[in-house]
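# Residue-level structure breakdown
Each chain, letter by letter, is given below.
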Amino acid sequence: MADYYTGSQAVEHYNHTLETAGKLRASYRTLDGRVAQAITRVENHMADARQALGAAYFPVLSPEAIADLERLTGFKGFSRRDPIAAMAHERHVLERAVETVLADDRYQRREDLIGPEGELTRDLARIKQRLDPFEAEVQRFEGLDTFLELVSTAYDTPEFRVRWWDRDYWRLWAAGDRVCEELGLDDFGDDVLPRYHAALADRDPVMEEYLQAKSIADEIRGLVETHDRSTARLQHLEASYLEESQQALAEFFEHADLTLLSDWLDDDAAAQDGAQDDASRRRAIQMALRRVAGLRAKSGFLNDLAAVSIRPMIASLDDRANKYRRKITKYGRPKYRGRSVTERELDRAFLAKRSKYTHRRNKLSELIERLDQYEDYENFMLSDPPELWWREMTRTRPPTQMRELRAWYDRHPDARPTAADDPWERVDEDAAAVAEAAAAVDHDVDFLS
C-alpha cells in the first residue's frame, strides 16, 4: 500500500467511504422503521390487554363486583363515581322519555301524519308545488354573484354608506352594472330592486306556510327519533356501562403496579377458601396481569433499543457522511492536484469497522424480531424481577448500550425466569430446541460489547 496518494485518489477513497456510510445508514434507518412499527403494534396490543384486564377484574356490574375490585386493586373510583347509580338515573330518564313519547297523540298518529301518504306529507307536497315558481323567481336574483351583498349594503339607495374613496364603492358599482346586464334591466335601484322585492313579497307568505308545516312534521320525526334512540339505548344500557367501567379500569392499569396487584391476588386467594369459579377468575386475572406486564416491558425494551442503539448510530453516520463530503470538497480543490496526501489523512478506520457495524445491525434486527414475535406472556411469574422479561423474551443478555439493564445482568449472571407455578400455565416446549437455542445465545451473548 502506497504511503502517499494524489488528491483525485483521496476523492475516490472518500466517495467510496461516503457510499458505504450511506448504505449502512440506510440499513439502520430501515431498522428504525421496523422498531417503530413494532412499538406501534405493542402499544395497540397493550390497549386491548388493559381492557381485557379490566374485564377480568370487573366482569359484571354489581355492588359485589365493585367491592371485590376495591379489595383486589385498591381502586376506589367506582365508590366515588358509582356506575350503577349513574346507570339507574339514565335508565329512569330514558324510560320517562319513552313514556312521554308513547303518550303523545302526534306520535300515535305518526303514520297518518308523516307517512308516505300522511296528511302533513300531502300538505307539504301541495305547498311545495305552489312555492317552487316563486322560489325560482327569487333565485333568479339571489343566484347572481354579489347580488345579496349589493342588497345588504343598500347599493343604489339613499341608505348606501360606502364612500366613493373606498375600493368597495367601485367594486360594488361594477357588480351592480353586471347584475343589470345579466337581468336585462336598465338600473339597479329603479328596476332590479323593485322586481326583487316584489318576488320576495310573492314567495315569503308561501314559504312561511311551508316552514310551519315542515316544523310540525320535524317535531313528529323528532318524537320518533327520541323513542327509537332511547329504546335502543335501554336495550344495551348495562352492557354499555360495564364496557365504560372496564375502560376506566384500563386507564387505571396504565400506571398501576402490576407486580403488587399480582401479590394482592395471591394473598386474597390464600386468605379465602374460594370456590372453583373464584379460582378460575383469579387465574384469568393473573394471566391478564402477566400479559399487560409483558407488553409494558416489551414496549420499554423496544423504545430503549431505538433510543440507545439505533438512533445514535444513525446520527453518528450522518455526522460521518457530512465529514466525508467535506473531505471530498477539500481534496477536489485545484491545490491538491499536485500535492501528495498521506495515509494518515485518509481515515480508513471506518471502512475497517464496516463489518462490525453491519454485524451489530443484524444482531439488533434479530433482537427486535424476537421481541416483536414474543407472545407467551402468561409464562412469566410476576414475582420475578421485571428485568428478567428481557431474557424471557430474547433468551440472551441485553446489549451493552442498554446500560442499566446490562448492569443488572452483570450483577445477576445466573438469573433466569421462574417456571410458571402450574404446569398447564406453561407453553409446551421442546427441551432439545430450548437447549440448542440457549447454547447459541450464550455463544454471542456479548455481540455489542
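Residues numbered from 1 in each chain as written. Predicted model: local features only at pLDDT ≥ 70, side-chain atom pairs only at ≥ 80, totals over all residues. Heavy atoms only, no water.

## So, the overall build of the protein
The cut-off we apply is this: Counting from the N terminus, the helices are DSSP H or I runs at least four residues long and the strands are E runs at least two residues long. In this treatment the radius of gyration is a C-alpha quantity, and the globule benchmark scales as 2.2 Å times the residue count to the 0.38 power. Partly exposed residues are those whose accessible area sits between 20% and 50% of the maximum for their type, while under 20% is buried and over 50% is exposed, using a 1.4 Å probe and protein chains only. In this description, contact between two residues means that some pair of their heavy atoms is separated by no more than 4.5 Å. Using the Shrake-Rupley algorithm and a 1.4 Å probe, accessible areas are obtained, with residue cover drawn only from the displayed protein chains. Neither His nor the chain termini are counted; the positive set is Lys and Arg, and the negative set is Asp and Glu. To locate a charge, take NZ of a lysine, CZ of an arginine, CG of an aspartate or CD of a glutamate.
Helices and strands together make up the secondary structure of the protein, namely 18 helices and two strands. What you see for the protein is a C-alpha radius of gyration of 39 Å, clearly larger than the 22 Å of a compact globule of 449 residues, by over 25%. The buried share of the protein, reckoned over its 449 residues, is 39%. The contacts of the protein with a sequence gap of at least 6 include a subset with a gap of at least 24, amounting to 76%. Carbon and sulfur atoms provide 51% of the accessible area of the protein, an area that totals close to 25,400 Å². Taken together, the 66 basic and 86 acidic charged side chains of the protein have centroids lying 12 Å from each other.

## As for a negative patch on the surface
Quick note on the threshold: Here the term patch refers to residues with relative accessible area over 30% and no salt bridge, with like charges joined within 9 Å and nonpolar side chains (Val, Leu, Ile, Met, Phe, Trp, Tyr) within 5 Å. What makes a salt bridge here is a side-chain nitrogen of Lys or Arg within 4 Å of a carboxyl oxygen of Asp or Glu, nothing more.
Negative charge collects at one region of the surface, where Asp 156, Asp 177, Glu 181, Glu 182 and Asp 190 lie side by side. Here the negative patch takes three residues from helix H9 (residues 167-183), the largest share from any one element. Counting through the fold element by element, Glu 181 comes out in helix H9.

## With respect to the confidence of the model for the protein
Put simply, the test is: A score between 0 and 100, pLDDT records how confident the predictor is in each residue.
This prediction gives the protein a mean pLDDT of 89; 92% of its residues lie at or above 70. Within the protein, the element-level pLDDT minimum falls on helix H18 (residues 431-443), averaging 37, and the maximum on helix H4 (residues 83-103), averaging 97. Overall, residues 423-449 carries pLDDT values under 50, and its contacts beyond four positions in sequence, including any with other chains, amount to 38 contacts.

## Comments concerning the packing of aromatic side chains
Quick note on the threshold: Aromatic rings from Phe, Tyr and Trp, taking only the six-membered ring of Trp, are treated as a pair when their centres fall within 6.5 Å; an angle between ring planes under 30 degrees marks them as stacked, one over 60 as edge-to-face, and anything in between as tilted. When the NZ atom of lysine or the CZ atom of arginine is within 6 Å of a ring's centre and also within 35 degrees of its normal, the charge is said to sit over that ring.
Tallied over the full model, the rule gives 25 aromatic pairs. An angle of 5° between the planes, with centres 6.1 Å apart, marks the rings of Tyr 14 and Tyr 331 as stacked. With Tyr 14 in helix H1 (residues 7-57) and Tyr 331 in helix H13 (residues 276-331), this pair connects stretches of sequence that are 317 residues apart. Of the two residues, Tyr 14 and Tyr 331, both sit in the buried class. When the ring of Phe 160 is compared with that of Tyr 169, the centres are 6.1 Å apart and the planes differ by 35°; the resulting orientation is tilted. The rings of Phe 141, Phe 147, Tyr 155, Phe 160, Tyr 169, Trp 170, Trp 173, Phe 188 and Tyr 196 are connected pair by pair, giving a single aromatic cluster. Positioned over the ring face of Tyr 107 is Arg 110, at 4.0 Å from the centre of the ring.

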